[in-house]
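# Coordinate inspection notes
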Amino acid sequence: GGEDGPDRHPACRKNMRGGESSGRLTQTKTKVKNHVVGSWGNLRGEVMEDLTLNAGGRYSYTHRDWNDTTRAQSFVGIFPRMSVSKLALQVLQLGVAQDDSWQSGTWKLSADYQITSDHLVWTSVGTGSRAGGCNFAEEGSFGAERSLSGEGVFKTLFFEQRLRLNLTGCWQDW
C-alpha cells in the first residue's frame, strides 16, 4: 500500500469475498522454455615452420516458448468529480504467450607466429551472436544480437625465462 494505497482506504480493506485484503496486488507467473541446437567445426594447421592458422565456424538454432500469465489488480475511482467517489476493482491480464526462433552462423580466424622461442604474436578476428527473446512488457520479440571482435597478443620471455611480459589489445563492435 503506502499512504494512499488500497490498504489505507477504508473501502478497500475488504476484498470482493468480504474477507480482509491480502495486500497482494500483482500475481506474476512466467514460464520460459529454451530449445537450442548447435554444431561447430574447427581446422588448425601449421602452414609454415613457425606460423599456425586456425579457422572455425558455428551454427546455432534457438527456439523460445514464453508463457507469461501476469495479472495486476488495482482500485480505481469511479465518478471522481462527484462528492462521493466510489472505488472499483480493476484486474488486468498483462502477460501473453509468445514463441519465436532465431538462427545464427558465426566464425573465427586466428594466426599465431613464434618469432623466437621466447617471443610469440597471436591475432584473431571473429563474430558472435546471442539469440533474441520475448518481450514481457509488450507483445512481440526482439531480435538477436551480433558482434564482430578482434584481438592481438604479444607474449615474450626475458632474462633466461625469468621475466614474462604479455600484452593484449582487443576491440568489439556490437
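Residues numbered from 1 in each chain as written. Predicted model: local features only at pLDDT ≥ 70, side-chain atom pairs only at ≥ 80, totals over all residues. Heavy atoms only, no water.

## Some points on a nonpolar patch on the surface
Inclusion rule: Patches draw on residues past 30% relative accessible area with no salt bridge. Two like charges within 9 Å are joined, as are two nonpolar side chains (Val, Leu, Ile, Met, Phe, Trp, Tyr) within 5 Å. Accessible surface area values rest on a Shrake-Rupley calculation with a 1.4 Å probe, where residue burial reflects the displayed protein chains alone. Throughout this description, the term salt bridge denotes a Lys or Arg side-chain nitrogen within 4 Å of a carboxyl oxygen of Asp or Glu. Helix and strand labels come from DSSP, where a helix needs a run of H or I of at least four residues and a strand needs a run of E of at least two; each type is numbered from the N terminus.
Nonpolar side chains collect at one region of the surface, where Phe 158, Phe 159, Leu 163, Leu 165 and Leu 167 lie side by side and expose about 470 Å² of accessible area between them. Structurally, Leu 167 can be placed in strand E11 (residues 163–173).

## Points about the side chain of Ser 110
So the rule is basically this: Using a 1.4 Å probe on the protein chains alone, a residue whose accessible area is under 20% of its type maximum counts as buried, one over 50% counts as exposed, and one in between counts as partly exposed. The contact criterion used is simple: two residues touch if any of their non-hydrogen atoms lie within 4.5 Å.
Note that Ser 110 resides in strand E6 (residues 97–116). Using a relative accessible area of 10% as the deciding quantity, one classes Ser 110 as buried. Ignoring any residue separated from it by four or fewer positions in sequence, one finds Ser 110 in contact with Thr 52, Leu 53, Asn 54, Trp 122, Thr 123 and Ser 124.

## Quick word on the pattern of salt bridges
Going through the model one piece at a time under the given rule, you end up with two salt bridges. Among the salt bridges present, the one from Arg 44 reaches Asp 112, with a minimum N-O distance of 3.4 Å. Highlighted residues: Arg 44 in strand E2 (residues 30–48) and Asp 112 in strand E6, separated in sequence by 68 residues. The salt bridge involving Arg 130 is made with Glu 145; its shortest N-O contact spans 2.5 Å. Remark: Glu 145 occurs in strand E10 (residues 145–158) and Arg 130 occurs in strand E7 (residues 119–130); sequence separation between them is 15 residues.

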